[in-house]
Amino acid sequence: MPAITVDDIMVLPRLPRPDVTETQRPVRQIVTAHRQREGAGFEVTRPFPSVDLRAADPFILLDQMGPVAYEPYEAKGAPWHPHRGFETVTYMLDGTMVHHDSQGGGGVIGEGDTQWMTAGSGMLHDELPEEKLVISGGRFHGIQLWVNLPRAQKFATPRYQDLRGSELTLVSSHDGGALVRLIAGEVGGFAGPGSTYTPIAYAHASISPGAQLETPWPQDFTAMAYVLSGSGTAGTDGRPIHTGQLVMFGKGEAITLTADTTQDFGDLEVLLLGGKPLREPVIQYGPFVMNTRAEIIEALEDFQAGRMGTVPAEHLTGRRLGE
């Protein structure tokens, strides 16, 4: 699964082990993700928003796309659609995603890469599996996180950050039992390359069978851990967790995750994420995330009037968006 690995984890800088005086965050809630279809019909596993966890301020949504082995011509993506008021963070583990936008931009997100798209004031884009994957089939696995923008940045100018896998900050746990890839924010004195409007921390950890990850966590941030694959326990009281479950931690200064000694395959793979809550009203209508109902109506009107851009001619396939 992990696209970014190292030959010798012991040469990496190490996260500090939390001091005994630092308060461990207790497990507040464990949520099991549900499956649903998105875009042109591809399946996602979604821990939030859900019936069990409707809000995860400052995050709006977390989708795990795959892992799946597509047959030829089976892979699907998300055709042209608008966004306003938040950021999408796409992290690829297997396969390749191609995107285009209404401003003439675009790019390829390969294995280990992350694309940070700030929709801000609004834009249209599509997200599709690479043509080679569609024709030949193959493995596909990615994560998409929606990060809310604070009121003051809702209408920020759209921008991209294309983070290559080689740019991620790699560190190990204090004893070398876990590899942590920092995508954004600061954990234990180490910072990821992602630049964020909303203060967050986002990382991917691989915890070896039987090993434990103990790490400091920003005290004023929320703290969550989503299990991509494997099994183990969360918190110092050893709450069982497995693939497709999200752990919500309570207040404190450090988090602990432990991998079971026996895994079905490889390591315990976990996303670590949290952020400083915005504590602002959230009104969401599909791909628009604003603060008021009036702003949602404005977003719909702007989209319908073409003020968020139009699909470039070279990407039209006989039908215009919205027809």
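None of the values given here were measured: they were computed from a predicted structure.

K.L.:
What exactly am I supposed to notice about the sheet that holds strand 22 (residues 245–249) here?
P.N.:
Adjacent strands of a sheet form backbone hydrogen bonds with each other and so pair up, either parallel or antiparallel. In spatial order, the strands read 1-22-19-24-17-14-13; together these seven strands make up an open sheet with antiparallel pairing. At either margin of the open sheet sits one strand with a lone partner, and together these are strand 1 (27–32) and strand 13 (169–172). The average angle at which neighbouring strand axes cross in this sheet is 20°, direction not considered.

K.L.:
What is the right way to look at unusual backbone geometry in this model?
P.N.:
Among all residues save glycine, negative phi is the norm, and among peptide bonds the norm is trans. Between Asp57 and the following residue, Pro58, the backbone shows a cis peptide bond with an omega angle of 15°. Summarising the element assignment, Pro58 is placed in the loop between strand 3 (42–48) and strand 4 (59–70). Following Gly66, the chain continues to Pro67 via a peptide bond in cis, the omega torsion being 5°. Looking at the secondary structure, you find Pro67 in strand 4. Although it is not a glycine, Arg279 sits at a positive phi angle of roughly 55°. As for its placement among the helices and strands, Arg279 is situated in the loop between strand 24 (268–275) and strand 25 (283–285). Of the residues examined, Arg279 reaches a relative accessible area of 69% and is grouped as exposed.

K.L.:
Please clarify how the pairing of strand 10 (residues 123–129) should be interpreted in this entry.
P.N.:
The side chains of a regular strand alternate between the sheet's two faces. Among the seven residues in strand 10, six count as buried, and that is most of the element. As defined by bridge partners, strand 7 (residues 97–101) adjoins strand 10 across five bridges and the pair is classed as antiparallel. Opposite His99, over in strand 10, you have Glu127 as the bridge partner.

K.L.:
Help me understand the environment of Ala184, please; the structure alone is not making it clear to me.
P.N.:
Within the secondary structure layout, Ala184 lies in strand 14 (residues 178–184). On the basis of relative accessibility, which here comes to 0%, the residue Ala184 falls in the buried class. The spatial distance from the C-alpha of Ala184 to the C-alpha of Ser208 is 23 Å, given a sequence separation of 24 residues. When neighbours within four sequence positions are excluded, Ala184 is seen to be in contact with Trp116, Gly192, Gly194, Thr196, Ile200, Ala201 and Tyr202.

K.L.:
What is the right way to read the sheet that holds strand 10 from this model?
P.N.:
In space, the four strands of this open sheet follow the order 5-10-7-8, with antiparallel pairing throughout. This sheet does not close on itself; its edge strands, each paired only once, are strand 5 (78–83) and strand 8 (106–109). Across this sheet, the average inter-strand angle for adjacent strands is 20°, counted without regard to direction.

K.L.:
What should I look at first to understand the packing of aromatic side chains in this one?
P.N.:
Aromatic rings considered in pairs are described by the distance between their centres and by the relative angle of their planes. In the structure shown here, the tally under the stated rule is three aromatic pairs. Residues Phe288 and Phe303 carry aromatic rings whose centres are separated by 6.4 Å and whose planes lie at 55° to one another, so their mutual orientation is tilted. Linking Phe288 in strand 26 (residues 288–290) with Phe303 in helix 2 (residues 293–304), this pair joins segments that are 15 residues apart in sequence. Relative accessible area serves as the criterion here: at 2%, Phe288 is assigned to the buried category.

K.L.:
How do you make sense of the confidence of the model for the protein when you look at a structure like this?
P.N.:
Where the model shows low pLDDT, its predicted coordinates should not be examined in detail. When the pLDDT values of the protein are averaged, the result is 92; 96% of them are 70 or greater. Of the regions scoring below 50 in pLDDT, residues 318–323 engages in five contacts with residues more than four places distant in sequence or in other chains.

How each quantity is defined
- Residues numbered from 1 in each chain as written.
- Predicted model: local features only at pLDDT ≥ 70, side-chain atom pairs only at ≥ 80, totals over all residues.
- Heavy atoms only, no water.
- Pairing = 2+ DSSP bridges.
- Helix = DSSP H or I, 4+ residues; strand = E, 2+ residues; numbered from the N terminus.
- Axes fitted to C-alpha atoms, helices over the stretch in contact; angles between N-to-C directions.
- Buried < 20%, exposed > 50% of the residue type's maximum accessible area, 1.4 Å probe, protein only.
- Contact = heavy atoms within 4.5 Å.
- Phe/Tyr/Trp six-rings, centres within 6.5 Å; stacked < 30°, edge-to-face > 60°.
- pLDDT = per-residue confidence, 0-100.

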